[in-house]
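What follows is the residue order along each chain.
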Amino acid sequence: MTMHDDARPEGARYEVDDDDGSWWELGWDAPLATFYAQHWGAPDDGGEPVSDWHGRIWAEHPDLDSLEEALGWVLPADVRADLEDDRAAWPPTQAVPA
């Protein structure tokens, strides 16, 4: 796992590598009230840089269970804990419907 802070006001970004050289960027977006995941292609695959993107609309994945279901895999425990911490530190700017 790689963590990028870059002084983001809504938390850090986390990278989880795939065996094929691609990787997932994960994070919490407080203004959109959603966790997000972007799948980035390997530099030599010749495809689009982002091949899959979850959490682009408001409250699409307000919890990590929803994000994991969309991804089809379980987040590493350390990434999951850090993302939960980010959500607690930077709560949604609007109430999320139940």
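Notes on the structure follow. (Residues numbered from 1 in each chain as written. Predicted model: local features only at pLDDT ≥ 70, side-chain atom pairs only at ≥ 80, totals over all residues. Heavy atoms only, no water.)

Moving on: the nonpolar core. Leu-26, Leu-67, Leu-71 and Leu-83 are the most contacted members of the largest nonpolar core, which totals 15 residues. Sorting the residues of this core by element identifies strand 2 (13-17), strand 3 (23-29), strand 4 (34-40), helix 1 (64-71) and helix 2 (77-89) as the ones contributing at least two each. (Core = buried A, V, L, I, M, F, W, Y, C linked by side-chain atoms within 4.5 Å. Buried < 20%, exposed > 50% of the residue type's maximum accessible area, 1.4 Å probe, protein only. Helix = DSSP H or I, 4+ residues; strand = E, 2+ residues; numbered from the N terminus.)

Count 3.6 residues to each turn of an α-helix, and residues three or four apart come out pointing the same way. Leu-64, Leu-67, Glu-68 and Leu-71 are the residues of helix 1 that are buried. Here the buried residues of helix 1 occupy an arc of 100° about the axis, which is enough to place them on one side. Residues of helix 1 that are buried make contact with strand 3, strand 4, strand 5 (50-54) and helix 2. Two to three positions downstream of the cap, the backbone nitrogen of Asp-65 sits 3.2 Å from a side-chain oxygen, assigning the N-cap of helix 1 to Asp-63. Looking one or two residues past helix 1, Gly-72 carries a phi angle of roughly 85°, positive in sign. (Arc of directions from axis to C-beta. Contact = heavy atoms within 4.5 Å. Polar contact = N/O pair within 3.5 Å; in protein donor to acceptor, adjacent residues only side chain to side chain.)

We now examine the packing of helix 1 against helix 2. It is the contact of helix 1 with helix 2, at a shortest axis distance of 11 Å, that shows an interaxial angle of 135°. Viewed along their axes, helix 1 and helix 2 adopt a mutual orientation that is oblique. Residues Leu-64, Asp-65 and Glu-68 of helix 1 form the contact with helix 2, whose participating residues are Arg-80, Leu-83 and Glu-84. Counted by class, the contact of helix 1 with helix 2 contains 2 nonpolar, no polar and 4 charged residues. (Axes fitted to C-alpha atoms, helices over the stretch in contact; angles between N-to-C directions. Parallel < 35°, antiparallel > 145°, perpendicular 65-115°, else oblique. Nonpolar A, V, L, I, M, F, W, Y, C, P; charged D, E, K, R; others polar.)

Scanning all chains against the criterion turns up 3 aromatic pairs. An angle of 5° between the planes, with centres 6.2 Å apart, marks the rings of Trp-23 and Trp-40 as stacked. Here Trp-23, found in strand 3, pairs with Trp-40, found in strand 4; they are 17 residues apart in sequence, far enough to count as distant. Each ring, one from Trp-28 and one from Phe-35, has its centre 4.8 Å from the other, and the planes form 55°; the classification is tilted. Neither Trp-28 nor Phe-35 differs from the other in exposure class; each is buried. (Phe/Tyr/Trp six-rings, centres within 6.5 Å; stacked < 30°, edge-to-face > 60°.)

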